[in-house]
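Reading the structure
These are the residues of each chain, in order.
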Amino acid sequence: MQLQYFLIVAAALFCIGIYGLINSRNAVRVLMSVELMLNAVNLNFMAFSDFLDPLDVKGQVFTVFVIAIAAAEAAIGLAIVLAIYRNRDTVDMEQFNLLKW
Amino acid sequence: MNLAEGVQIVSFGLLAAMMLGAALGVVLLSNVVYSAFLLAGAFISAAGLYLLLNADFVAMAQVLVYVGAVNVLIIFAIMLVNKREDFTPIPQAWIRKTATAVVCAGLFALLSTMVLATPWAISTDATVPSGSMVVIGKHFFTDFLLPFELASVLLLMALIGAIVLARREFLPDLEEADLQQTMLTLPERPRELTPAGSNPGSHSK
């Protein structure tokens, strides 16, 4: 088991998350892609914490903070999606141009 | 390579394949309900990878918070936004898709070469014998005390903010009926005023 395996898997997960974030039309799927990217970052933290800092596991502490903040982000994001759906009657990301121009 | 090493390698390969496959399914499948359930698979595989990295507490927190809370919240949002709509196809969508795929593949190639080329300072210490939970608890209440308390305040703010954002302002059945008379007042649910100390059903006799 090497550190590089975990880092490469995390990089692949992050790139999949970016692809979904840009190409999704459904607003809920965009939030799911953000969760995937946060998971990739968590996996990086955990790998570094286990391989470079096994006695003083600060990476795991950071991961717990990221998990807590991701939960808050999911709640706020889904509330925003619900509010936009009520106003616009759609979840298509191409029609959400309220702040674009 | 002894037996434990082989078991670790095999389980790592299985978990990584499950996680990447589930993530690809989340991104690429057309039905969003399938995406939500595959997202749970990706989260559970990530928890298994955390177990491989000697982190029992964070694996349990991952299963509890992500699979138990965030994923259920996403499924609830899909059920609330249950409008089956066919998105109007935008012209030249394939340009954006291919450009994004090329950029993501390039980013992945860049990150992998960086990962493989960097000489990491691998520590040779053994892991903490008593499990990581005791160490994490000590960190939370000594040198990470302020971020810990700030996280609780942030969660409270997110709770109240989500309620304020998702609350239905206009009641749909009262909207057309009361719009003429009460143009200048905020429509809200009518509630009968009961004086304190009397139950509301008893004033009719």
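Structure's up top.
Just so you know, these numbers come straight off a predicted model, no measurement behind them.

Let us look at the overall build of chain B. Across its full length, chain B holds seven helices and zero strands. Listing each helix as α and each strand as β along chain B from the N terminus yields α-α-α-α-α-α-α. Taken across its 205 residues, chain B has 25% of its residues classed as buried. Within chain B, contacts between residues at least 6 apart in sequence are counted, and of these 48% link residues at least 24 apart.

Glancing now at the overall build of chain A. Counting its secondary structure elements, chain A contains three helices and zero strands. Reading the secondary structure of chain A in the N-to-C direction produces α-α-α. For chain A, the C-alpha radius of gyration of 17 Å lies well beyond 13 Å, the compact-globule estimate for 101 residues. Dimensions of chain A along its principal axes, counting C-alpha atoms only, are 50 × 25 × 20 Å. The buried share of chain A, taken over its 101 residues, is 61%.

As a further point, take the nonpolar core. Soluble globular proteins: nonpolar side chains tend toward being buried together. Core analysis: the largest hydrophobic core is formed by 72 residues, its most contacted members being Phe6, Met32 and Leu43 of chain A together with Ile74 of chain B. Viewed by domain, this core spans two of them, domain 1 (7–82) and domain 2 (133–183) of chain B, each represented by three or more residues. Sequence-distant contacts of Met32 of chain A, defined by excluding residues within four places in its chain, comprise Val26, Val32, Ser35, Ala36, Leu39, Ile74 and Ile78 of chain B.

Quick look at the interface of chain A and chain B now. Opposite the 67 residues of chain A that make contact, chain B presents 83 residues. Summing the contributions of chain A and of chain B, the shared interface buries around 7100 Å²; its carbon and sulfur component is 77%. Between the two partners, chain A and chain B, sit one salt bridge. For the salt bridge of Glu94 of chain A with Arg96 of chain B, the shortest nitrogen-to-oxygen distance reads 3.1 Å. Taken together, the links from chain A to chain B amount to 10 residue pairs in polar contact (both at pLDDT 80 or more). Elements with a contribution of two residues or more to the side of chain A that touches chain B: helix H1 (3–23), helix H2 (27–51) and helix H3 (58–88) of chain A. With 23 residues, the single largest contributor to the side of chain A that touches chain B is H3 of chain A. Looking at the side of chain A that touches chain B, its residues break down into 48 nonpolar, nine polar and 10 charged.

Next up on the list: a nonpolar patch on the surface. A contiguous nonpolar surface patch, about 490 Å² in accessible area, is contributed by Leu156, Leu159, Ile160, Ile163 and Val164 of chain B. Relative to the assigned elements, Ile160 of chain B resides in helix H6 (residues 145–166).

What follows covers unusual backbone geometry. Within the chain, Asp89 of chain A stands out as a residue other than glycine whose phi angle is a positive 60°. Inspection of the secondary structure puts Asp89 of chain A in the segment after H3. You can call Asp89 of chain A partly exposed: its relative accessible area is 44%. One non-glycine residue, Asn54 of chain B, lies in positive phi territory at about 60°.

A word on the packing of H2 of chain A against helix H3 (residues 56–80) of chain B. Orientation of H2 of chain A relative to H3 of chain B, taken along the N-to-C sense of each, is 170°, at an axis distance of 11 Å. Overall, the two elements H2 of chain A and H3 of chain B adopt an arrangement that is roughly antiparallel. Each of Val28, Met32, Glu35, Leu38, Asn39, Asn42 and Met46 of chain A in H2 of chain A lies in contact with H3 of chain B, whose residues at this interface are Val58, Gln62, Tyr66, Val70, Ile74 and Ile78 of chain B.

Residue and element names in this part refer to chain A. A complete count under the given rule lists three salt bridges over all chains for this structure. Its salt-bridge partner being Lys58, residue Asp56 comes within 3.9 Å of it at the nearest N-O pair. Here Lys58 falls in the partly exposed class, since its relative accessible area comes to 32%.

Bringing the side chain of Thr90 of chain A into the picture now. As for its placement among the helices and strands, Thr90 of chain A is situated in the segment after H3. Side-chain polar atoms of Thr90 of chain A contact the backbone nitrogen of Asp92 of chain A, separated by 3.1 Å.

Moving on to H1 of chain A. The periodicity of an α-helix, 3.6 residues per turn, causes residues three or four places apart in sequence to face the same way. Over its 21 residues, H1 of chain A runs 31 Å from end to end, which matches the ideal 30 Å to within 8%, given 1.5 Å per residue. Along H1 of chain A, 16 of the 21 residues are buried, which leaves the element largely enclosed by surrounding structure.

Here the focus is the packing of H1 of chain A against H2 of chain A. Residues and elements named next belong to chain A. In the contact formed by H1 and H2, the axes pass within 8 Å of each other and the chain directions differ by 165°. By the angle class used here, H1 and H2 are roughly antiparallel. Between H1 and H2 the crossing geometry is left-handed. Of the residues contributing to the contact of H1 with H2, the split by class is 19 nonpolar, five polar and no charged.

Next up on the list: the packing of aromatic side chains. Within this structure, the stated rule accounts for 11 aromatic pairs over all chains. Taking the centre distance of 5.5 Å and the plane angle of 25° together, the rings of Phe45 of chain A and Phe62 of chain A count as stacked. Taken together, the positions of Phe45 of chain A in helix H2 and Phe62 of chain A in helix H3 put the pair 17 residues apart, joining distant regions of the chain. Assessed through its relative accessible area of 39%, Phe62 of chain A is described here as partly exposed. A network of ring pairs unites the aromatic residues Phe45, Phe62 and Phe65 of chain A together with Phe140, Phe141, Phe144 and Phe148 of chain B as a single cluster.

Criteria and cut-off values
Residues numbered from 1 in each chain as written. Chains lettered and ligands numbered in written order. Predicted model: local features only at pLDDT ≥ 70, side-chain atom pairs only at ≥ 80, totals over all residues. Heavy atoms only, no water. Helix = DSSP H or I, 4+ residues; strand = E, 2+ residues; numbered from the N terminus. Buried < 20%, exposed > 50% of the residue type's maximum accessible area, 1.4 Å probe, protein only. Contact = heavy atoms within 4.5 Å. Rg over C-alpha atoms; globule rule 2.2 N^0.38 Å. Core = buried A, V, L, I, M, F, W, Y, C linked by side-chain atoms within 4.5 Å. Domains from an automatic or database assignment. Buried area = accessible area lost by both parts, 1.4 Å probe. Salt bridge = Lys/Arg side-chain N within 4 Å of Asp/Glu carboxyl O. Polar contact = N/O pair within 3.5 Å; in protein donor to acceptor, adjacent residues only side chain to side chain. Nonpolar A, V, L, I, M, F, W, Y, C, P; charged D, E, K, R; others polar. Patch = residues over 30% accessible without salt bridge, like charges linked within 9 Å, V, L, I, M, F, W, Y side chains within 5 Å. Areas by Shrake-Rupley, 256 points an atom, 1.4 Å probe, with all protein chains shown as cover. Axes fitted to C-alpha atoms, helices over the stretch in contact; angles between N-to-C directions. Parallel < 35°, antiparallel > 145°, perpendicular 65-115°, else oblique. Expected span 1.5 Å × (residues − 1). Left-handed = near helix turned anticlockwise from the far one by under 90°. Phe/Tyr/Trp six-rings, centres within 6.5 Å; stacked < 30°, edge-to-face > 60°.

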